[in-house]
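# Observations on chain architecture
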Amino acid sequence: AAYADCLANAEAAGNHEQLANTIVLWSAVKYHLGQADGARDLALRGQAVAAENGLVYWEGGAVNLLGLLAMERQDWDTAHELFERALERAYDARDDKLVGAICMNLGAVSNIEGDLREARSYYLESIGSGVRSSDRRQLVMAYNNLGMVCSDLEEWMEALVYFGRGIEIAGEGDWDPLLATLHVNQAEPLIETGEMDRA
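This write-up is about the structure you can find in this document. None of the values given here were measured: they were computed from a predicted structure.

### Some details on the overall build of the protein
Helix and strand counts for the protein come out as 11 helices and zero strands. The secondary structure elements of the protein, listed N-terminal to C-terminal, are α-α-α-α-α-α-α-α-α-α-α. For the protein, the C-alpha atoms occupy an extent of roughly 65 × 35 × 30 Å along the three principal directions. Looking at the protein residue by residue over its 199 residues, the buried ones come to 46%. Restricting to contacts in the protein with at least 6 residues of sequence separation, those with at least 24 account for 50%.

### Things to note about the packing of helix α6 (residues 96-112) against helix α8 (residues 136-152)
Axis separation between α6 and α8 bottoms out at 11 Å; the angle between their running directions is 25°. Taken as axis vectors, α6 and α8 run roughly parallel relative to one another. For the element pair α6 and α8, the recorded crossing hand is left-handed. Contact residues: Lys97, Gly100, Ala101, Met104 and Asn111 in α6; Gln138, Met141, Ala142, Asn145, Val149 and Asp152 in α8.

### Observations concerning the environment of Asn144
As for its position among the elements, Asn144 is in helix α8. For the pair Asn144 and Gly164, spaced 20 residues apart in sequence, the C-alpha to C-alpha distance is 9.1 Å. Discounting chain neighbours no more than four positions away, the residues touching Asn144 are Phe163, Thr181, Leu182 and Asn185.

### Quick notes on helix α3 (residues 36-52)
An ideal rise of 1.5 Å per residue puts 24 Å on 17 residues; α3 measures up with 24 Å between its terminal C-alpha atoms. Listed as buried for α3 are Ala39, Leu42, Ala43, Gly46, Gln47, Val49 and Ala50. Taken around the axis of α3, the buried residues stretch over an arc of 170°, which confines them to a single face. Pointing more than 90 degrees away from the buried face of α3 are the exposed residues Asp37, Asp41 and Glu52.

### Side note on the packing of aromatic side chains
Within this structure, the stated rule accounts for three aromatic pairs. Aromatic pair Tyr3 and Trp26: ring centres 6.1 Å apart, planes at 10°, arrangement stacked. In this pair, Tyr3 is assigned in helix α1 (residues 2-13) and Trp26 in helix α2 (residues 16-32), connecting sequence segments 23 residues apart. A relative accessible area of 29% places Tyr3 in the partly exposed class.

### Some points on the side chain of Lys30
Locating Lys30 in the fold gives a position in helix α2. The side chain of Lys30 is buried and forms no salt bridge, while Asp41, the nearest opposite charge, is found at 8.6 Å. Residues within four places of Lys30 in sequence aside, it is in contact with Gln35, Gly38, Ala39 and Leu42.

### Notes on unusual backbone geometry
For Arg94, which is not glycine, the phi torsion reads 55° and is therefore positive. Along the chain, Arg94 falls in the loop between α5 (76-93) and α6. The backbone of Ser134 sits at a positive phi, close to 60°, despite the residue not being glycine. For Ser134, the position within the fold is in the loop between α7 (116-133) and α8.

### Examining α2
Counted at 1.5 Å a residue, the expected span for α2 with its 17 residues is 24 Å, and the 24 Å between its end C-alpha atoms agrees. What α2 keeps buried is the set Leu19, Ala20, Asn21, Thr22, Ile23, Val24, Ser27, Lys30 and Tyr31. As for α2, its buried residues are in contact with α1, α3 and α4 (56-72). A distance of 3.3 Å separates the backbone nitrogen of Glu17 from a side-chain oxygen at the start of α2, and that oxygen is part of Asn15. Positive phi appears at Gly34, one or two residues downstream of α2, with a value of about 80°.

### Points about the state of the cysteines
In total, this model carries zero disulfides according to the counting rule given. Sulfur of Cys103: no disulfide; nearest cysteine sulfur belongs to Cys150 and is 16 Å away. Residue classification places Cys103 among the buried residues on the basis of a relative accessible area of 0%.

Analysis parameters
- Residues numbered from 1 in each chain as written.
- Predicted model: local features only at pLDDT ≥ 70, side-chain atom pairs only at ≥ 80, totals over all residues.
- Heavy atoms only, no water.
- Helix = DSSP H or I, 4+ residues; strand = E, 2+ residues; numbered from the N terminus.
- Buried < 20%, exposed > 50% of the residue type's maximum accessible area, 1.4 Å probe, protein only.
- Contact = heavy atoms within 4.5 Å.
- Axes fitted to C-alpha atoms, helices over the stretch in contact; angles between N-to-C directions.
- Parallel < 35°, antiparallel > 145°, perpendicular 65-115°, else oblique.
- Left-handed = near helix turned anticlockwise from the far one by under 90°.
- Expected span 1.5 Å × (residues − 1).
- Arc of directions from axis to C-beta.
- Phe/Tyr/Trp six-rings, centres within 6.5 Å; stacked < 30°, edge-to-face > 60°.
- Lys, Arg positive; Asp, Glu negative; His and termini not counted.
- Salt bridge = Lys/Arg side-chain N within 4 Å of Asp/Glu carboxyl O.
- Polar contact = N/O pair within 3.5 Å; in protein donor to acceptor, adjacent residues only side chain to side chain.
- Disulfide = S-S within 2.5 Å.

What follows is the structure, given as C-alpha cells:
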C-alpha cells in the first residue's frame, strides 16, 4: 500500500526519478516475497521509465532484478546477458555497490555454467567494488564466493587467504551466519593443505 501511494504521488508530480526508484524497489520487495510475475512486470516498467529518462542507476537495478528472475528459472544464458547489461548501466552510474552486487551475480552464473576462472574474475571485481563502497556484508559474501571457487579450482592456499579475509571482516559485524559459513567452507582447503587440527 505504501509503495502504491508513493507511485501515485510520483506520477502525479511527474517526478521520473522518484517513479523509477519506487517501481524498482517495489519490484525487489515482490521478488523477495516470491511473487515472480509481479516482480517481473514492475522491473520491466521500471527499466522502461529509467531508460526513457536517462536514469542509469535505476535502469541497472531493474535489469539486475530481471537477471535474478531468469536465474530462478534456471535460464542461465538470459541471466548472464541481463547481468552484463545491468553491469554496463552500473558502470555508467559509477555506483560501486551496484557494480559489486551485479558482479557477484555474474560470478554465480559463471560458476553454475562451469567457467570457474571467469567466476573468479567477477568475484574479484565484486571485492574491489565492495572495498570502494564500504559495503562490508557484500564484501564478506564476495570473499566467501571467491574462496569457494578457488577450492573448486583446487587452489587451496588462495582459498584460505580469501576465507581468512572474509572471517576477519565478518568478525567486525553482527554476521554470525556468514561467519559460520566461512568457517565451514575453509575446512576443505585446510584438510587439503594438511592442517587437520584446524579443520
